[in-house]
Each structure stands twice: as C-alpha cells, then as structure tokens.
Amino acid sequence: MNWFTPFEIPASDHPISHKSKILSLGSCFAHTIGQKMKDAKFDVLVNPFGTIFHPHNLADLLDHALFNDPLDKEGILEMEGLFLHYSTHSDVVGKSAKELKEKYDQRLKLTKTYLEEGTHLILTLGTAWIYEHESFGKVANCHKQPLKLFKKIAIATARDGNGALECFG
C-alpha cells in the first residue's frame, strides 16, 4: 500500500545560483532558509521587517517598499524606552521614533532594491489569523500590548469569477 502520492518536480527554468539576488520574506521558514542561504554566501536579503506571518501584512510591506510609502506614525508605540511599529516585527526597533523611522526607511529602500534588481522572491506564509488594532487597523505584531486593544479575525481568500484572489474576513 502506498502511503504517499509520488509526483515529479520538474527542474526550474530559473534555478537559484550564487549569481542570484534573492529576497526572502515571511514566516520563520523564510528566515531559516534565508539564513542558510546567507551562510552559504548567497546574495540574499532575509526578512528586513522581521518575521511576518500574514499575507496581508507582507503585501502591505511590499507595496510600501515599491511606492516608498512613509511609516504611518499612528502605528508607532513606545514600550520600555524603545520604539516599535505595529506593521513590523520587534526586530525593527529604535531608541526614538526618529531612529525607528530611519531604520524602517532604510529597510524599505533595501527591499525595493531587491524587488527591482532581484532574480528570486521567497515568500512563506504562516497564518490565516490577523489582529486588528482598535485605532490603527491590521497589525503584523501586537508587541505584547493588552489583548483588549485588538480583534482577532480569520482572513480567508477565495478566487473570484476571473480567477483572481479576493480576501475577506
């Protein structure tokens, strides 16, 4: 009895090599695989905004990178003398709101470079749940803020009549 379904994976027309320029974004898998590639001396940018699990948040960050959108000041919070933002992981932190904005802008610019000049994009998705802050909206990270500030929503995707993905929650 076969306990698996065998299938062939054809070789890619665009294999990854040491000549590749790779952007790896998303869940902890994107971080792990990206770091292994970095250790093997590949040109790879790994999770510049930290580990991000939800496709909505990843799409927003990619959009912000492509269009040079400024950091939304409404999402900045101070916690124990450090400044964080609801759209990024706590890896992106500043000692002031200005420093946080500078780091964010720098990572946005670097991400845009990898999107424009890169050869490969690795996106790994981690959850269908997203948290919505009562005044900021959808967040990538709650940064250990009180649960009462957030609403947990299941965001699902479906294909419309034309085959395009639609998100709803």
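Placed above this text is the structure.
Rules and cut-offs
Residues numbered from 1 in each chain as written. Predicted model: local features only at pLDDT ≥ 70, side-chain atom pairs only at ≥ 80, totals over all residues. Heavy atoms only, no water. Helix = DSSP H or I, 4+ residues; strand = E, 2+ residues; numbered from the N terminus. Buried < 20%, exposed > 50% of the residue type's maximum accessible area, 1.4 Å probe, protein only. Contact = heavy atoms within 4.5 Å. Areas by Shrake-Rupley, 256 points an atom, 1.4 Å probe, with all protein chains shown as cover. Lys, Arg positive; Asp, Glu negative; His and termini not counted. Charge placed at Lys NZ, Arg CZ, Asp CG, Glu CD. Axes fitted to C-alpha atoms, helices over the stretch in contact; angles between N-to-C directions. Parallel < 35°, antiparallel > 145°, perpendicular 65-115°, else oblique. Nonpolar A, V, L, I, M, F, W, Y, C, P; charged D, E, K, R; others polar. Phe/Tyr/Trp six-rings, centres within 6.5 Å; stacked < 30°, edge-to-face > 60°. Lys NZ or Arg CZ within 6 Å of the ring centre and 35° of its normal. Pairing = 2+ DSSP bridges.

### Let's talk about the overall build of the chain
Thought 1: Of the regular secondary structure elements, the chain holds three helices and ten strands.
Thought 2: In the chain, the succession of α and β elements from N to C terminus is β-α-β-α-β-β-α-β-β-β-β-β-β.
Thought 3: In terms of principal-axis extent, the alpha carbons of the chain reach across some 55 × 35 × 35 Å.
Thought 4: Scored against the burial criterion, the 169 residues of the chain give a buried share of 35%.
Thought 5: Taking contacts inside the chain between residues at least 6 apart in sequence as the whole, the part at least 24 apart equals 55%.
Thought 6: A total of about 10900 Å² of accessible surface is found on the chain, and carbon and sulfur atoms cover 56% of it.
Thought 7: If you average the places of the 19 positive and of the 21 negative side-chain charges in the chain, the two averages end up 5 Å apart.

### Details of the packing of helix α2 (residues 55-67) against helix α3 (residues 97-117)
Thought 1: In contact at an axis separation of 8 Å, α2 and α3 are set at 85° when each is read in the N-to-C sense. Put simply, α2 runs roughly perpendicular to α3. In contact with Leu-61, Leu-62, His-64, Ala-65 and Leu-66 of α2, α3 contributes Tyr-104, Leu-108, Thr-111, Lys-112 and Leu-115.
Thought 2: Looking at the contact of α2 with α3 residue by residue, the classes come out as seven nonpolar, two polar and one charged.

### Details of the packing of aromatic side chains
Thought 1: By the definition in use, this model includes three aromatic pairs.
Thought 2: Arranged with centres 5.8 Å apart and planes meeting at 50°, the rings of Phe-49 and Tyr-104 form a pair that is tilted. Of this pair, Phe-49 sits in the loop between β2 (43-46) and α2 while Tyr-104 sits in helix α3; the two residues are 55 residues apart in sequence, bridging distant segments of the chain.
Thought 3: Under the relative-accessibility criterion, Phe-49 is labelled buried at 3%.
Thought 4: Summarising the aromatic geometry, the rings of Tyr-86 and Phe-136 are spaced 5.9 Å apart at their centres and angled 35° between planes, so their arrangement reads as tilted. Within this pair, whereas Tyr-86 is found in the loop between β4 (82-85) and α3, its partner Phe-136 is found in the loop between β6 (129-133) and β7 (137-139), the two being separated by 50 residues in sequence. Just as Tyr-86 is buried, Phe-136 falls in that class too.
Thought 5: Directly above the ring of Tyr-114 sits Lys-21, whose terminal nitrogen or CZ lies 4.4 Å from the centroid.
Thought 6: The ring of Trp-129 carries the charged tip of Lys-152 above its face, separated from the ring centre by 4.5 Å.

### Examining the sheet that holds strand β8 (residues 150-154)
Thought 1: The strand order across the open sheet formed by three strands is β7-β6-β8, and the pairing between neighbours is antiparallel. Lying at the two open borders of the sheet, with one neighbouring strand each, are β7 and β8. Shown here is a sheet whose adjacent strand axes are inclined to one another by a mean of 40°, direction ignored.
Thought 2: Direction of pairing for β6 relative to β7: antiparallel, over a ladder of three bridges. By the bridge assignment for β7, Tyr-131 is matched with Val-139.

### A few points about the pairing of strand β5 (residues 120-124)
Thought 1: Residues His-120, Ile-122 and Thr-124 point to one face of β5 and are all buried, whereas Leu-121 and Leu-123, pointing to the other face, are not buried.
Thought 2: With five bridges connecting them, strand β1 (residues 21-26) and β5 associate as parallel partners. Within the sheet, the bridge partner assigned to Ser-24 lies in β5 and is Ile-122.

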